[in-house]
Amino acid sequence: MHQRYDAIVIGTGQSGPSLAVRLAQAGRKTAIIERKNFGGTCVNTGCIPTKTLIASARVAHTARRAAEFGVMLDSPVVVDMARVKARKDLVVSQSNQGVASWLRSTPNLTVIEGHARFESAHGVMVNGELLEADEIFINVGGRATVPDLPGLKDVDFLTNSSMMEVDFLPPHLLIVGGSYIGLEFAQMYRRFGSEVTVIEGGPHLIGREDEKVSAAVKEILEGEGIQIRLGAKIQRVEKRGDLVLLTVSDNGASYEVSGSHLLLAVGRIPNTDDLGLDKAGIKTDARGYVVVDDQLHTNVTGVWALGDVNGRGAFTHTSYNDYEIVAANLFDNDKRSVADRIQAYALFIDPPLARIGMAEREVRASGRPALVGTMQMARVGRARERSETQGYMSVLVDAETKKILGAMLLGIEGDEVIHSLLDVMYSDAPYTVIQRAMHIHPTVSELVPTLLQDLTPL
Ligand SMILES: Cc1cc2nc3c(=O)[nH]c(=O)nc-3n(C[C@H](O)[C@H](O)[C@H](O)COP(=O)(O)OP(=O)(O)OC[C@H]3O[C@@H](n4cnc5c(N)ncnc54)[C@H](O)[C@@H]3O)c2cc1C
Ligand SMILES: NC(=O)c1ccc[n+]([C@@H]2O[C@H](COP(=O)([O-])OP(=O)(O)OC[C@H]3O[C@@H](n4cnc5c(N)ncnc54)[C@H](O)[C@@H]3O)[C@@H](O)[C@H]2O)c1
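As the structure is a prediction and not an experimental result, all values here were calculated from the model. (Residues numbered from 1 in each chain as written. Chains lettered and ligands numbered in written order. Predicted model: local features only at pLDDT ≥ 70, side-chain atom pairs only at ≥ 80, totals over all residues.)

> So what exactly am I meant to see when it comes to the overall build of the chain here?
Within the chain, the regular secondary structure consists of 13 helices and 24 strands. Computed over the C-alpha atoms, the radius of gyration of the chain is 24 Å, within 12% of the 23 Å expected from 2.2 N^0.38 for a compact globule of 458 residues. Projected onto its principal axes, the C-alpha coordinates of the chain cover approximately 65 × 65 × 50 Å. A buried classification covers 40% of the 458 residues belonging to the chain. (Helix = DSSP H or I, 4+ residues; strand = E, 2+ residues; numbered from the N terminus. Rg over C-alpha atoms; globule rule 2.2 N^0.38 Å. Buried ≥ 20, exposed ≤ 12 C-beta atoms within 10 Å, placed from the backbone.)

> Is there a simple way to explain the UniProt feature "domain: FAD/NAD(P)-binding" (unreviewed entry) in the chain in this structure?
With numbering aligned to this structure, UniProt lists the feature "domain: FAD/NAD(P)-binding" (unreviewed entry) at residues 5-319. Helix makes up 29% of residues 5-319 and strand 25%, with an end-to-end C-alpha separation of 24 Å. (UniProt positions renumbered as here; feature names shortened; annotations may be inferred.)

> Explain the site of ligand 1 to me, please; I cannot follow it from the model alone.
Every one of the 38 residues lining ligand 1 counts as a neighbour, but Gly11, Gly13, Gly40, Gly141 and Gly307 are closest to it. Mapped by element, the contributors of at least two residues to the shell around ligand 1 are β3 (30-34), α2 (40-44), α3 (47-64) and α8 (316-331). Partitioned by chemical class, the residues of the shell around ligand 1 number twelve nonpolar, 21 polar and five charged. (Near = placed C-beta within 6 Å. Nonpolar A, V, L, I, M, F, W, Y, C, P; charged D, E, K, R; others polar.)

> Please explain the UniProt feature "domain: Pyridine nucleotide-disulphide oxidoreductase dimerisation" (unreviewed entry) in the chain as it appears in this structure.
The residues that UniProt annotates with the feature "domain: Pyridine nucleotide-disulphide oxidoreductase dimerisation" (unreviewed entry) are residues 345-450. Between the end C-alpha atoms of residues 345-450 there is a gap of 24 Å, over a span that is 31% helix and 27% strand.

> Hey, could you run me through the sheet that holds strand β15 (residues 253-259) in this one?
What the three strands build is an open sheet, ordered β13-β14-β15; its pairing is antiparallel. Taken across any chain shown, the strands that pair with only one partner, and hence form the sheet edges, are β13 (233-240) and β15. Between one strand axis and the next, the sheet turns by 20° as a mean value, whatever way the strands run. Across seven bridges, the pairing between β13 and strand β14 (residues 243-250) is antiparallel. The residue bridging valine 237 from the neighbouring strand is leucine 246, located in β14. (Pairing = 2+ DSSP bridges. Axes fitted to C-alpha atoms, helices over the stretch in contact; angles between N-to-C directions.)

> Looking at this structure, I do not really get the site of ligand 2. What am I missing?
Inspection of the region around ligand 2 gives 26 residues, with Gly177, Ser179, Gly201, Gly267 and Ala314 positioned closest. Those elements that provide at least two residues to the shell around ligand 2 are α5 (180-192) and β19 (344-347). The element best represented in the shell around ligand 2 is α5, accounting for four residues. Tallied by class, residues from the shell around ligand 2 come to 15 nonpolar, eight polar and three charged. When residues are assigned to domains, the shell around ligand 2 turns out to be shared by domain 2 (152-266) and domain 3 (344-457), each giving three or more. (Domains from an automatic or database assignment.)

> What should I look at first to understand the domain arrangement of the chain in this one?
Much of the literature gives interface size as the accessible area that the parts lose upon coming together. For the chain, the assigned domains read domain 1 (2-143 + 269-340), domain 2 (152-266) and domain 3 (344-457). Relative to domain 3, the C-alpha centre of domain 1 lies at a distance of 31 Å. Every contact between the two is made by five residues of domain 1 and, on the other side, four residues of domain 3. Across the side of domain 1 that touches domain 3, the residue classes break down as two nonpolar, no polar and three charged. (Contact = placed C-beta atoms within 7 Å.)

> Mind showing me how you'd approach the pairing of strand β21 (residues 370-376) here?
Regular strands show a simple pattern: their side chains alternate between the two faces of the sheet. Pairing of β21 with strand β22 (residues 392-398) involves seven bridges; the strand directions are antiparallel. When the sheet's bridge partners are listed, methionine 375 is paired in β22 with methionine 393. Bridge analysis of β21 against strand β24 (residues 456-457) gives two bridges, and the strand direction is antiparallel. From the neighbouring strand, leucine 371 faces β24, where its bridge partner is proline 457.

> I'm lost on helix α11 (residues 414-426) in this one. Help?
Each turn of an α-helix holds 3.6 residues, which means side chains three or four residues apart point in the same direction. Between its first and last C-alpha atoms α11 spans 18 Å; for 13 residues at 1.5 Å apiece the expected length is 18 Å, and the two agree. The sharpest bend along α11 comes to roughly 25°, located at serine 420. Among all positions in α11, only Gly414, Val417, Ile418, Leu421 and Val424 are buried. Contacts from the buried residues of α11 go to β20 (353-357), β22, β23 (404-410), α12 (432-435) and α13 (447-451). Downstream of α11 by a residue or two, aspartate 428 has a phi angle that is positive, lying close to 60°. (Expected span 1.5 Å × (residues − 1). Bend = angle between axes of the 7 residues up to and from the residue.)

> Help me understand the pairing of β14 in this model?
Connecting β13 to the antiparallel partner β14 that follows it, the hairpin turn spans two residues, and glycine 241 within it adopts a positive phi of roughly 60°. Sheet topology places β14 next to β15; seven bridges connect them, and they run antiparallel. Along β15, the bridge assignment pairs serine 249 with serine 254. Joining the antiparallel neighbours β14 and β15 is a turn of two residues, in which asparagine 251 adopts a positive phi near 50°.

Right, dumping it as structure tokens:
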């Protein structure tokens, strides 16, 4: 069998569905192919389920603190993990089914379930059928890396995907990797009631951040009773009775860590190894990411790559932004480019860590004269009223142009508040615009102008 389309989208991640609908609405006969769950990682095993579970964990945490607020509960907090999981499954299924029914109800769009593989630059095989199109869009995302650790193949382990099936409380969760996935699960399971140990190979947590930010995050997590081992090189993984045992070396010294369950959170790899890219002549880099230009074209004319698979971003918002860039160039004669994007992301521990633009070490390395403003969250009325004063805010400004270079907000609502700074960066306005703005009391945002009043040389 052989089918001809105007456009084919492979994968239903965070850019594929929106693009497929836009293509179909523009009159292109379009097919979208999904091999597993509609909505991809974010919907099924990533952002949505983890943030739903984090919400349950926060309720447990708040309930344990109830007496501090004068609210007396007459029995200890009990977390029913089966109900926690059922709530998460409901939220996920709403999104997953929403994507599927949106795609299926779009005129001019054919939805195909199966694994797609390139046969040529403009031909894709799925379920034994060859589909051809002049325009092909790759949105296949990535999956958890499983490291080559001695003994691992003989031990049961979890990844962010299999964690979604957990409906019980692991007595002691060992987490290898102290970055986004590791730390979000660490705090979540600690709050559900598990013992948690994080084993990180690098010298500090969330290695992309400035060391003092990592140190502040470490202090918050340790304050909740999470054990953190840094600089840990895992020598061996083995099963001992009901336990998983890790033998770890650190600067020549060796020690053992054991727990009931093991979660691997050591990064992700792109889903390009089973996509037949060689048959299409599509270039990848040394780590398997599809090489794209600033408009997300691959080296093959008529083939684009969007989302995590292009290595230009690793977040839902970067994938969705990829869709906007491709659509603007294809349909709107608007030459949007990835190069115009300002880095922005958050780590959803509680309180969250939000980051935009450059980190302090990047500004220092650039050699440009810069100013910095810092404020402890303990100074923020909203934080004190809620007894959630952990963390601090920090903003970096170019001393000459007065433009904001970057910001880090570790504190309650930092993930929302940071957008006022981000939007000033996008408007290319000086920091004085926000410094002179009147913000609403009592919010976290009201302190942002004050934060910008006391800038000192970096
Ligand atoms: C635990 C976790 C938490 C996260 N939390 C956040 C967060 O809070 N905020 C945030 O911004 N980001 C978060 N992310 C990252 C976010 O999930 C991804 O960046 C986002 O999903 C973008 O993915 P994508 O569009 O590239 O494709 P994906 O969402 O990965 O989807 C790709 C789809 O393609 C399908 N596919 C793959 N190969 C083929 C093939 N050959 N044929 C057919 N179909 C195929 C897959 O089955 C999948 O459905 C998280 C990730 C994880 C793992
Ligand atoms: N809040 C969010 O937006 C969010 C949340 C979760 C995941 N994500 C996305 O998922 C991606 C993957 O996250 P991640 O945390 O798995 O990966 P990561 O690449 O951010 O971090 C992996 C960590 O594991 C450590 N590590 C690697 N091998 C190790 C080993 N053998 N022993 C000990 N430590 C080891 C690394 O030093 C690093 O700190 C992120 O890039 C992010 O884009 C985003």
